[in-house]
Amino acid sequence: MNIIREMAAAGCFIGLALYTADILKPDDRFAVQVRFIFSLIFITVIITPFMKGDIREITESVSEKVCTSDVYSISSSVEKDMTENIEKNTERSLSLALSERGISHSDLRVTALINESYSVSITSISLHTENESAASEILKELTGDETCIEFT
């Protein structure tokens, strides 16, 4: 990792130095020759850290980070967070829809599932309300007939 850091720092410094020198060049007649020399210097500075270090150090470092099981755990964690956010947002939306239609309710809970094709389906809804038939009709209309609705 130090090799990459050295390479980036050297490249930035030399790039700025070469740009400054390019601005200060004496005449436009020498533009091609000066740019060629600057390009050679720039390439040399970029390649130097590779010459000092072992190229296997960079490739092993990168492959270790890519090949670990952390990728799966991060993916699983992100999917869990997405599911929780979807459930919370759906709970708020359904609660608002029921309230707008005059249905008093409490303890609204939604269970969502993200499929392998990354589609979201609402698997179940539970809530407490006095008007179960009207609430059921509204929720089925909004979420589909396959949704399991439980009243507590």
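Higher on the page you've got the structure.
Residues numbered from 1 in each chain as written. Predicted model: local features only at pLDDT ≥ 70, side-chain atom pairs only at ≥ 80, totals over all residues. Heavy atoms only, no water.

**Comments concerning the overall build of the protein**
- The helix and strand inventory of the protein stands at 5 helices and 3 strands.
- Secondary structure elements in the protein, listed N-terminal to C-terminal, are α-α-α-α-β-β-α-β.
- Residues classed as buried in the protein amount to 24% of the 152 residues present.
- Carbon and sulfur atoms make up 59% of the accessible area of the protein, which amounts to about 10900 Å² in all. (Helix = DSSP H or I, 4+ residues; strand = E, 2+ residues; numbered from the N terminus. Buried < 20%, exposed > 50% of the residue type's maximum accessible area, 1.4 Å probe, protein only. Areas by Shrake-Rupley, 256 points an atom, 1.4 Å probe, with all protein chains shown as cover.)

**What to know about the environment of Phe 13**
- Position of Phe 13 among the secondary structure elements: in helix α1 (residues 2-23).
- For Phe 13, a relative accessible area of 58% corresponds to the exposed category.
- Remark: the alpha-carbon pair of Phe 13 and Phe 42, spanning 29 residues in sequence, is separated by 9.8 Å.

**Considerations on a nonpolar patch on the surface**
- Taken together, the side chains of Phe 36, Ile 37, Leu 40 and Ile 41 present a nonpolar region at the surface, about 380 Å² in accessible area.
- Summarising the element assignment, Phe 36 is placed in helix α2 (residues 31-52). (Patch = residues over 30% accessible without salt bridge, like charges linked within 9 Å, V, L, I, M, F, W, Y side chains within 5 Å. Salt bridge = Lys/Arg side-chain N within 4 Å of Asp/Glu carboxyl O.)

**A word on the pairing of strand β3 (residues 148-151)**
- Sheet topology note: the strand β2 (residues 120-129)/β3 ladder contains 4 bridges and is parallel. Bridge pairing in β3 links Leu 127 to Phe 151.
- In this view, the connection linking β2 to its parallel neighbour β3 by way of helix α5 (residues 132-143) has right-handed handedness. (Pairing = 2+ DSSP bridges. Right-handed = clockwise from strand over helix to strand, strands pointing away.)

**Focus: the side chain of Glu 91**
- Within the secondary structure, Glu 91 is located in helix α4 (residues 70-100).
- When neighbours within four sequence positions are excluded, Glu 91 is seen to be in contact with Leu 108, Arg 109 and Val 110. (Contact = heavy atoms within 4.5 Å.)

**Notes on the nonpolar core**
- Listed in full, the 11 residues of the largest apolar core are Leu 94, Leu 98, Ile 103, Leu 108, Val 110, Ile 125, Leu 127, Ala 135, Ile 138, Leu 139 and Ile 149.
- Elements that contribute at least two residues to this core include exactly α4, β1 (105-114), β2 and α5.
- With 3 residues, the single largest contributor to this core is α5. (Core = buried A, V, L, I, M, F, W, Y, C linked by side-chain atoms within 4.5 Å.)

**Points about the sheet that holds β2**
- The 3 strands lie next to each other as β1-β2-β3, forming an open sheet whose pairing is mixed. With one partner strand each, in any of the chains shown, β1 and β3 form the two edges of the open sheet. Mean inter-strand twist for the sheet, computed between neighbouring axes without regard to direction, equals 15°.
- Set on the sheet, α5 makes contact with β2 and β3; between it and β3 the angle comes to about 155°. (Axes fitted to C-alpha atoms, helices over the stretch in contact; angles between N-to-C directions.)

**A closer look at the pairing of β1**
- Bridging between β1 and β2 involves 8 bridges; their strand directions are antiparallel. Bridge assignment links Thr 111 to a residue of β2, and that residue is Ser 124.
- In this antiparallel pair of consecutive strands, β1 and β2, the connection spans 5 residues, and Tyr 118 shows a positive phi of 60°.

**Regarding unusual backbone geometry**
- In this model, Asp 107 sits at a positive phi of 50°, which is unusual for a non-glycine residue.
- Structurally, the position occupied by Asp 107 is in strand β1.

**Structural notes on α5**
- For α5, built from 12 residues, the straight-helix expectation of 16 Å at 1.5 Å per residue is met to within 8% by its first-to-last C-alpha distance of 16 Å.
- Those residues of α5 lying buried are Ala 135, Ser 136, Ile 138 and Leu 139. Buried positions in α5, seen along its axis, are confined to an arc of 165° and lie on one side of it. Away from the buried face of α5 by more than 90 degrees, exposed residues Ser 133, Glu 137 and Glu 141 are located.
- Backbone geometry just downstream of α5 places Gly 144 in the positive-phi region, at approximately 110°. (Expected span 1.5 Å × (residues − 1). Arc of directions from axis to C-beta.)

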